[in-house]
Structure formats: structure tokens, C-alpha cells
Amino acid sequence: MAAKFVVYHDKAKKFRFRLVAPNGEIIAVGEAYESKASCLNGINSIKRNAPIAEIVDETVKKEPAAKTSVKKPAAKKAAPKKKPV
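Predicted model only: the values in this text are computed from it and were never measured. (Residues numbered from 1 in each chain as written. Predicted model: local features only at pLDDT ≥ 70, side-chain atom pairs only at ≥ 80, totals over all residues. Heavy atoms only, no water.)

**Q** Which residues make up helix α1 (residues 36–49), and what are the values?
**A** Over its 14 residues, α1 runs 20 Å from end to end, which matches the ideal 20 Å to within 8%, given 1.5 Å per residue. Of all the positions in α1, only C39, G42 and I43 are classed as buried. One side of α1 carries all its buried residues, which in axial view fall inside an arc of 95°. In α1, the exposed positions angled more than 90 degrees off the buried face are occupied by N41 and R48. The inward-facing, buried residues of α1 abut β1 (4–9) and β2 (15–20). (Helix = DSSP H or I, 4+ residues; strand = E, 2+ residues; numbered from the N terminus. Expected span 1.5 Å × (residues − 1). Buried < 20%, exposed > 50% of the residue type's maximum accessible area, 1.4 Å probe, protein only. Arc of directions from axis to C-beta. Contact = heavy atoms within 4.5 Å.)

Following this line, the structure appears as C-alpha cells:
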């Protein structure tokens, strides 16, 4: 048996889907949709995009960016005031 998408109504009577593995385990769930057509579009989007989806691992600690020292321009010294002659 292959994996399957199961479309169902939730308690609020909205359409949802589950992706069920061949062993019967639920491996993904969809959001609530107002219409069955929207729910089926969600399923088709997953079918179309999942094979090429990037995996982003947010559990890996990122290395902090190297600090770069930016020198501030030196303040100009005020020219000494000339004394009137």
C-alpha cells in the first residue's frame, strides 16, 4: 500500500487533509480550508513542490558573524584662534 492523502472535516466543519504513511502513521497535516477545492489545491501543491523543496535545519546553531572593526574618522581638532594684533 502507498502513502495516501485523507480529506476530512474538522470540528469546525472546515476541510483538512492528512498524509498517511503506508503503515498507517500520520506524517503530515494540512491547514483548515473553507472549501474542498481549496483543500485539494493544497494537496496538489504539496505533491508538486515537495520533491524540490529545500530542507532548512533550524536546529543547528549558526556561527556568529565575524566582527569587523570599522574605524571611525578621527575628529578634527579645532584650529587655534588667532589673537587680534
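**Q** Outline the pattern of salt bridges, supporting the account with residue identities and numerical values.
**A** Taken as a whole and assessed by the stated rule, the structure comprises 2 salt bridges. One salt bridge in this structure joins R16 and D10, with 2.8 Å as the shortest N-O distance. Where E34 meets K14, a salt bridge forms, and the shortest distance between an N and an O atom there is 2.2 Å. Highlighted residues: E34 in the loop between β3 (26–29) and α1 and K14 in the loop between β1 and β2, separated in sequence by 20 residues. (Salt bridge = Lys/Arg side-chain N within 4 Å of Asp/Glu carboxyl O.)

**Q** Outline the packing of aromatic side chains, supporting the account with residue identities and numerical values.
**A** Per the stated rule, a full pass over the model turns up 2 aromatic pairs. Ring centres of F5 and F17 lie 5.8 Å apart, and the angle between their planes is 70°; this geometry places the pair in the edge-to-face category. Separated by 12 residues along the polypeptide, F5 in strand β1 and F17 in strand β2 bring together distant segments of the chain. The class of F5 is partly exposed, set by a relative accessible area of 26%. A residue is classified by how much of its surface remains accessible, and F17, at 2% relative accessible area, is buried. Plain terms: the ring middles of F17 and Y33 are 6.3 Å apart, the flat faces sit at 20° to each other, and that makes the pair stacked. Placement of F17 in strand β2 and of Y33 in the loop between β3 and α1 is noted, with a sequence separation of 16 residues between them. The pair F17 / Y33 is uniform in exposure class, with both members buried. Here the aromatic residues F5, F17 and Y33 are joined through ring pairs into a cluster of three or more. We note R18 situated over the ring of Y8; from NZ or CZ to the ring centre the distance is 3.9 Å. (Phe/Tyr/Trp six-rings, centres within 6.5 Å; stacked < 30°, edge-to-face > 60°. Lys NZ or Arg CZ within 6 Å of the ring centre and 35° of its normal.)

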